[in-house]
Amino acid sequence: MPDLSSKPLLGKTALVTGAARRLGRASALALAQAGADVAITFRSSSREAQQTVVDLSGCGVRAFAFRCDVTDEASVRTMMREAGRELGRIDILVNNAANYETVEFEKLTVAQWDAIFASNTRGPFLATREALQYMRNRRSRNRKDEKSTPPIEGKIINMGSLGGIQPWATHAHYCSSKAALHMLTKVMAKALAPEIAVNAVAPGMIDLGDKSAAAFMRKMAKQTPMQRNGRADELAEAVLFFATAPQFITGQILVVDGGLSL
Ligand SMILES: NC(=O)c1ccc[n+]([C@@H]2O[C@H](COP(=O)([O-])OP(=O)(O)OC[C@H]3O[C@@H](n4cnc5c(N)ncnc54)[C@H](OP(=O)(O)O)[C@@H]3O)[C@@H](O)[C@H]2O)c1
């Protein structure tokens, strides 16, 4: 973990989608520990979102939670307006909200296909498009200050997946949606430069303590060169890396998988 006592994100603001719990919460907390004011979104986990706001505030920053369905254009627009109003400007957007599902290829329905793409690919597109006006919003609107105002250096971090790189037979829709998100990361990096750097973190097997996945996790750990699965704090550190990285680093997909994909 970088030296957070120096608070590299002090004075910055961040919005993390789907961050009431699990990896999104870990990323939000890492950004808050680095000094950023943080807004999170949630869809159904309102109790967990409230707790996360309490924990974020405990880092000494301003924290907010907004309900949002990232598949719904109006919902994203409303949430972004509220977040923009509270944060003033959005410096860092983490597109974390997503869904994961296991379905045999022959049984995969159009509804399942479309639902996964709606949250995992269209969601980050919508959130990014609606965030742009708040990310490009200069803090100082005083024209006299224009020359002394530092350049806008926004960061967008998409949560991709090892499944967007490697084909998983029972996850055709999930893998395709994340592969599309990886491409969207590169397209946005080109389209939104130089003001905004866009990168993705692609987690491999991350152990979040799900009891139902314990046997699978043990099997995957054995196949992983690092001989274990990843932890939430390791993913959060990768998000923090891009949030604090030089603006010249853009369009990259950082696989965090303990070497599983090698
Ligand atoms: N965990 C892993 O091992 C792993 C591996 C590879 C990639 N990833 C990626 O890393 C990110 C975080 O992983 P995770 O396992 O922590 O995710 P997760 O628990 O599956 O989902 C994160 C949050 O997304 C929100 N969400 C789902 N659909 C939504 C929608 N339509 N609108 C708004 N929010 C929605 C949910 O919010 P509510 O709970 O409020 O409904 C959920 O808490 C995801 O992008 C995931 O694909 C994770």
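Here, the structure is the one placed above.
First, a word on scope: everything that follows refers to the structure included in this document. This structure is a prediction, so every number in the text was calculated from the model and none was measured. (Residues numbered from 1 in each chain as written. Predicted model: local features only at pLDDT ≥ 70, side-chain atom pairs only at ≥ 80, totals over all residues. Heavy atoms only, no water.)

## Describing the packing of helix α3 (residues 73-87) against helix α4 (residues 110-135)
Running from N to C, α3 and α4 point in directions that differ by 30 degrees, and their axes come no closer than 9 Å. It follows that α3 is roughly parallel to α4 by the angle criterion. As for the relative orientation of α3 and α4, their crossing is right-handed in sense. Along the contact surface, α3 presents Glu-73, Val-76, Arg-77, Met-80, Arg-81 and Gly-84, while α4 presents Leu-126, Ala-127, Arg-129, Glu-130, Ala-131 and Tyr-134. (Axes fitted to C-alpha atoms, helices over the stretch in contact; angles between N-to-C directions. Helix = DSSP H or I, 4+ residues; strand = E, 2+ residues; numbered from the N terminus. Parallel < 35°, antiparallel > 145°, perpendicular 65-115°, else oblique. Left-handed = near helix turned anticlockwise from the far one by under 90°. Contact = heavy atoms within 4.5 Å.)

## Overview of the sheet that holds strand β6 (residues 196-203)
As summarised here, the arrangement of the seven strands in space is β3-β2-β1-β4-β5-β6-β7, forming an open sheet in which the pairing is parallel. The open sheet has two edge strands with one neighbour each: β3 (63-67) and β7 (253-256). Averaged over all pairs of adjacent strands, the angle between their axes in this sheet comes to 15 degrees, without regard to strand direction. Taken together, the six bridges between strand β5 (residues 154-159) and β6 define a ladder with parallel strand orientation. Its bridge partner lying in β6, Asn-158 is registered against Ala-200. (Pairing = 2+ DSSP bridges.)

## A closer look at the packing of aromatic side chains
Taken as a whole, this structure holds five aromatic pairs when the rule is applied. Relative to Tyr-174, the ring of Tyr-100 lies with its centre 4.9 Å away and its plane at 85 degrees, an arrangement referred to as edge-to-face. You can see Tyr-100 sitting in the loop between β4 (92-95) and α4 and its partner Tyr-174 sitting in helix α5 (residues 172-192), a full 74 residues away along the chain. Taken together, a centroid distance of 6.1 Å and an interplanar angle of 10 degrees make the contact between Trp-168 and Tyr-174 stacked. (Phe/Tyr/Trp six-rings, centres within 6.5 Å; stacked < 30°, edge-to-face > 60°.)

## Here we look at the pattern of salt bridges
Using the criterion set out here, one finds 13 salt bridges in the structure. The closest approach of N and O atoms between Glu-104 and Lys-107, which form a salt bridge, is 3.9 Å. Because the salt bridges share partners, they merge into one network encompassing Glu-73, Arg-77, Arg-129 and Glu-130. (Salt bridge = Lys/Arg side-chain N within 4 Å of Asp/Glu carboxyl O.)

## Considering the packing of helix α1 (residues 22-33) against helix α7 (residues 232-244)
Two elements in contact, α1 and α7, have axes separated by 8 Å at closest approach and are oriented at 50 degrees. Judged by the inter-axis angle, α1 sits oblique to α7. For the pair α1 and α7, the crossing hand works out as right-handed. On α7, the residues touching Leu-23, Ala-26, Ser-27, Ala-30 and Leu-31 of α1 are Ala-232, Leu-235, Ala-236, Val-239, Leu-240 and Ala-243. Its residues assigned to classes, the contact of α1 with α7 comprises 10 nonpolar, one polar and no charged. (Nonpolar A, V, L, I, M, F, W, Y, C, P; charged D, E, K, R; others polar.)

## Concerning the site of the ligand
Not every one of the 25 residues close to the ligand is listed here, only the nearest: Arg-22, Arg-43, Ser-44, Ser-45 and Asn-96. Take Ser-45: an N or O atom from its side chain is 2.5 Å from an oxygen atom of the ligand. In the environment of the ligand, a nitrogen atom lies 2.9 Å from a nitrogen or oxygen atom belonging to the side chain of Asp-69. Within the complex, the protein chains bury 91% of what would otherwise be the 880 Å² of accessible surface of the ligand. The cavity that encloses the ligand is the largest pocket. Those elements giving two or more residues to the shell around the ligand turn out to be α1 and α5. Taken together, the residues of the shell around the ligand sort by class into 11 nonpolar, nine polar and five charged. (Near = heavy atom within 4 Å. Polar contact = N/O pair within 3.5 Å; in protein donor to acceptor, adjacent residues only side chain to side chain. Areas by Shrake-Rupley, 256 points an atom, 1.4 Å probe, with all protein chains shown as cover. 1 Å grid on protein atoms, 1.4 Å probe; cavity = no way out; pocket = protein on both sides within 12 Å on 5 of 7 lines; lining within 4 Å. Sits in = over half its atoms within 2 Å of the grid points.)

## What about empty space enclosed by the protein?
Within the structure shown, the criterion is met by one cavity of 30 Å³ or more. The space that makes up the largest cavity amounts to roughly 30 Å³. Residue lining of the largest cavity: Thr-17, Val-70, Asn-95, Asn-96, Ala-97, Ser-119, Gly-123, Pro-124 and Ala-127, and that is the complete set. By residue number, the principal contributor to the lining of the largest cavity is α4, which donates four residues. (Points joined across faces, edges and corners; volume = space filled by probe spheres on them.)

## Focus on the environment of Leu-262
With respect to the element layout, Leu-262 can be found in the segment after β7. Residue Leu-262 is classed as exposed on the basis of its relative accessible area, which comes to 88%. Separated by 38 residues in the primary sequence, Leu-262 and Thr-224 have C-alpha atoms spaced 9.0 Å apart. (Buried < 20%, exposed > 50% of the residue type's maximum accessible area, 1.4 Å probe, protein only.)

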